[in-house]
Structure formats: C-alpha cells, structure tokens
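Overview (structure and organization)
Below, each chain spelled out in residue letters.
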Amino acid sequence: MATTYDFDKPIDRRGTACVQWDGVADRFGVDGLLPFTISDMDFPSAPPVLDALRERLAHGVFGYTDWRLSEFREAIGAWYESRHGTAIDPEQIVYGPSVLNQLSQLLRMWALPGEGVAVHTPTYDGFRKAVTGLGRELRGVPLGDAAALERELARPDTKVLILCSPHNPTGRVWTEPELAETARLAAGHGVTVISDEIHADFVHDGHRHLPWSRFAPEEGRWALISSASKAFNFPALNGSYGIIGDPGERATFTDRMETGEGLASPSVLSLTAHIAAYRDGAPWLDAARGYVAGNLRLLAERLNGAFPALGWVPPQAGYLAWIDLRALGVSDEALQRELIERERVAMMRGAVYGADGFVRVNVGCPRSKVEHGADALVSALTRLI
C-alpha cells in the first residue's frame, strides 16, 4: 500500500528565525507579508529524514565527525545510480558546508582576481555575489544563446563556466545535446566547468536530469556540486557534497577546506539527513514533486485564464515559477507596490536575477497558499492594466 503524505497542512514557520517568513521585512521593507520568496519549502522534510535525525539526537553525543567514516559517500553513489543512471566513484566525492561555499573555494582555485567567470542569464543572485565578491569578473550569457556562449568561452581570460543544472531561476533542464555541446566548447577553449546541480532531484515528469560527470573530460578540471538539502528541504542543517574528477584538484580542494578554512568536522546532522534522504526518501520526494507540479498547474491556469497573452508554461524542474510579464507592459515598481501594499504578499522581482519584467514565485507550499498567491498576482496585474 502506497504511503500518503499531507502537503496541504500549513506549518507555522514564524518565530523560527526563518528567512522567508521572519526576514521578509529585510528585503521588502514591510513586515507581515505572505512570502513566496527564498527557495526553501514550507513542508516538513521527508519522514525517514526526521526519524533518522530523532534517532541521532537521542544518542546525545555530538563530537567531532569525519564524513569519510560514515555511509555518506555510499548513499550518494547509490542515489546517483538509481535516480540518475550514473555511476559515481566514491573516491571522487568531497564534502563542503554548502554548495555556495564549495563554489567560492573552487573559484579561488581556478580563476584569479580579475579573470572571467561565465554564467547563463538570468542568474541566481548567489552566483553573482560569489563571483564579484571574490573579485572575479561576471560574464553573462543569455540562456539559449549558443553563439554568445562560444564568444564568452573563447575570451582568453574566461577561466570558469558556472553551469546551473537545472537552471535557477528558470527551471530549465538541459538536454543531452546541449550538455555535450557545452562540454565540447569548454574543452576547446580550456574553460573549467563547475556544475551546480542542487535542483537536480526536483525534475518534473517528462524531463530528465543528466549529471555533468557524464560529459566531463576523463582528465582535467571540473566539478559537480550539490546537496540533498534542496529536494528534501533541510538547508538549515548545512552540508553539501561535490564530485571532483582530477585527483590532484580534489586533494587541493580537501586540503583548503580542512586546513585553510578549518572545516575538518562536518555537521553530523547533515550527514544523517543526507544518508536517510538518499536511502529511504524517494517515495516522499516523488510525492512532493507531484504535489508541486499540481501547484504549478494551478498557477498557470489562473494566470493564463486571466491573461491569455502570457501563455505561461510551468518550469521543467523545481518549485520556483519564473513568470515573464513583459507582454502585459506593467512596470516592476508598480507591480511590487500593488503586491506589497494592496495584496500583502512578497514575490521576488526579476531584477534580482538580472531580468526586468519577470517575477519569481515560490510554490513549494500548501495549495491554499498558492491559491492566495495566484489570486493576489492576478488582482495586482488586473489593476495595473
């Protein structure tokens, strides 16, 4: 008998130091808004994850931990084999406190200050902050523009391509020919690829995620960085993993993390959560994906019913709805005023990701909240046009 999960039940996250709910005033200047913002979900994590955490907490001792001594790498390898049809060499796996932390360390290794780092635009704002904060030059490539990608990679001082796979904020899943061509261009121009695949496990039916390790060169620099925290909703536990092909680069990365960064001991609760998620969490994840797909369909029906010119299509992956509103001719500022002052909801404007005329809406939440958000967005747009 199939297990059922209750994704409809609202969970009050206020008063938990929650960035999405308690920190809404920091970004929007007003408290008490209903948020559809930062990319975590309003669902409790998978029951096997919660059970494993309770058991580990009951042990009561939380001393220094070594991720190599647990079943951590074994669980990752089994997950990639069963979920993505990809064999992973356990020796290639490394640990980091977060995907962005890994990215920052790899950028320090593979690009000097002032050198170029290519990213597809629109761009997840965490990439922009990491690249520019380290003094590297961010070089945007419009999503889907193969000629622009080749031009950027051909520049002598472009050293790294950050590949977001699936892509954030658009939710696009890269096809096999696209990834193969990206690998060809990167190899031809001596550009290192760092593939952020944290959204990989939330790909919707009809699409398939292909890990970068399938396309990476047998020799040379490349990295795949990811975490179970996005799909299974435990980002606050911290913890991520990477796959680095070259033994020398892998050793350099580990040494930098464990000595220069002082991160020799990982979060034991993160290790526990990853192992439980990848061993026993698949049924919950599949149910969550199906529920979120229903949320996305609801949003599409409400938007396209009110504004047929939009023709909005749900993303291929994730729970972030990236909506192109340019056909309606409304200004971003006016829309934000309506959403905040009249509708009392918070939604991310596209300019955060370098794209005016768009809005990003998080629908990883109970359907009643999605209905409220969809109605608020339609009402705000109706008044403006």
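Refer to the structure above for everything that follows.
Heads up: these notes are all about the structure in this document. This one's a predicted model, so the numbers in the text were calculated from it and none came from an experiment.

Rules behind the numbers
Residues numbered from 1 in each chain as written. Predicted model: local features only at pLDDT ≥ 70, side-chain atom pairs only at ≥ 80, totals over all residues. Heavy atoms only, no water. Helix = DSSP H or I, 4+ residues; strand = E, 2+ residues; numbered from the N terminus. Rg over C-alpha atoms; globule rule 2.2 N^0.38 Å. Buried < 20%, exposed > 50% of the residue type's maximum accessible area, 1.4 Å probe, protein only. Contact = heavy atoms within 4.5 Å. Lys, Arg positive; Asp, Glu negative; His and termini not counted. Charge placed at Lys NZ, Arg CZ, Asp CG, Glu CD. Expected span 1.5 Å × (residues − 1). Arc of directions from axis to C-beta. Disulfide = S-S within 2.5 Å. Salt bridge = Lys/Arg side-chain N within 4 Å of Asp/Glu carboxyl O. Axes fitted to C-alpha atoms, helices over the stretch in contact; angles between N-to-C directions. Parallel < 35°, antiparallel > 145°, perpendicular 65-115°, else oblique. Left-handed = near helix turned anticlockwise from the far one by under 90°. Nonpolar A, V, L, I, M, F, W, Y, C, P; charged D, E, K, R; others polar.

Take the overall build of the protein next. Of regular secondary structure, the protein possesses 14 helices and eleven strands. The C-alpha atoms of the protein give 21 Å as radius of gyration, which agrees with the globular expectation for 385 residues (21 Å, within 12%). The principal-axis extent of the C-alpha atoms belonging to the protein is close to 60 × 55 × 40 Å. A total of 385 residues make up the protein; the buried ones form 55% of that total. At a minimum sequence separation of 6, the contacts of the protein that also span at least 24 residues come to 76%. Within the protein, the 49 negative side-chain charges are centred at a point lying 3 Å from the centre of the 38 positive side-chain charges.

Another point: helix H8 (residues 176–188). The terminal C-alpha atoms of H8, which comprises 13 residues, lie 18 Å apart, in line with the 18 Å expected from a rise of 1.5 Å per residue. The set of residues buried in H8 consists of Leu179, Thr182, Ala183, Leu185 and Ala186. Buried residues of H8, viewed axially, fall in a sector of 165 degrees; they line one side. Exposed and facing more than 90 degrees away from the buried side of H8 are Pro177, Ala187 and Gly188. Buried residues along H8 sit against helix H7 (146–154), strand E5 (158–164) and strand E6 (192–196). Looking one or two residues beyond H8, the residue adopting positive phi is Gly190, at roughly 65 degrees.

What follows deals with the state of the cysteines. Summed over the entire model, instances satisfying the criterion amount to zero disulfides. Counting only cysteine sulfurs, Cys365 is the nearest neighbor of Cys18, a cysteine outside any disulfide, at a range of 12 Å. Note on Cys18: relative accessible area 5%, which makes it buried.

In this section: the environment of Ile162. By secondary structure assignment, the location of Ile162 is in strand E5. For Ile162, a relative accessible area of 2% corresponds to the buried category. Along the backbone, Ile162 and Pro47 are 115 residues apart, and their C-alpha atoms lie at a distance of 33 Å. Those residues in contact with Ile162 that lie beyond four places of it in its chain are Leu103, Val117, Ala118, Val119, His120, Phe127, Val131 and Ile194.

We now examine the pattern of salt bridges. Taken as a whole, this structure holds 24 salt bridges when the rule is applied. For the salt bridge of Glu333 with Arg349, the shortest nitrogen-to-oxygen distance reads 3.9 Å. Linking Glu333 in helix H13 (residues 332–343) with Arg349 in strand E10 (residues 345–349), this pair joins segments that are 16 residues apart in sequence. Assessed through its relative accessible area of 27%, Arg349 is described here as partly exposed. The closest approach of N and O atoms between Glu338 and Arg383, which form a salt bridge, is 2.6 Å. Pair noted here: Glu338 is in helix H13 and Arg383 is in helix H14 (residues 367–384), with a separation of 45 residues, a long-range link. Linked through salt bridges whose partners overlap, the residues forming this network are Arg13, Asp40, Asp42 and Lys369.

What follows covers helix H11 (residues 268–280). Along its 13 residues, H11 runs 18 Å from first to last C-alpha, staying within 8% of the 18 Å computed at 1.5 Å per residue. Burial analysis of H11 places ten of its 13 residues in the buried class, which makes it a mostly covered element. For H11, the full list of buried residues reads Val268, Ser270, Leu271, Thr272, Ala273, His274, Ile275, Ala276, Ala277 and Tyr278. As for H11, its buried residues are in contact with helix H3 (47–59), helix H4 (72–84), strand E2 (93–96), helix H9 (229–232), strand E8 (240–244) and helix H12 (282–306).

As a further point, take the packing of H12 against H14. Interaxial distance between H12 and H14 falls to 10 Å at its minimum, and their mutual angle equals 20 degrees. The angle between H12 and H14 places the two elements in the roughly parallel class. Relative to H14, the crossing made by H12 is right-handed. In contact with Tyr291, Gly294, Asn295, Leu298, Leu299, Arg302, Leu303 and Ala306 of H12, H14 contributes Arg367, Val370, Glu371, Ala374, Asp375, Leu377, Val378 and Leu381. Looking at side-chain class alone, the contact of H12 with H14 contains ten nonpolar, two polar and four charged residues.

Everything listed here is a matter of coordinates, which is why it stays silent on function.
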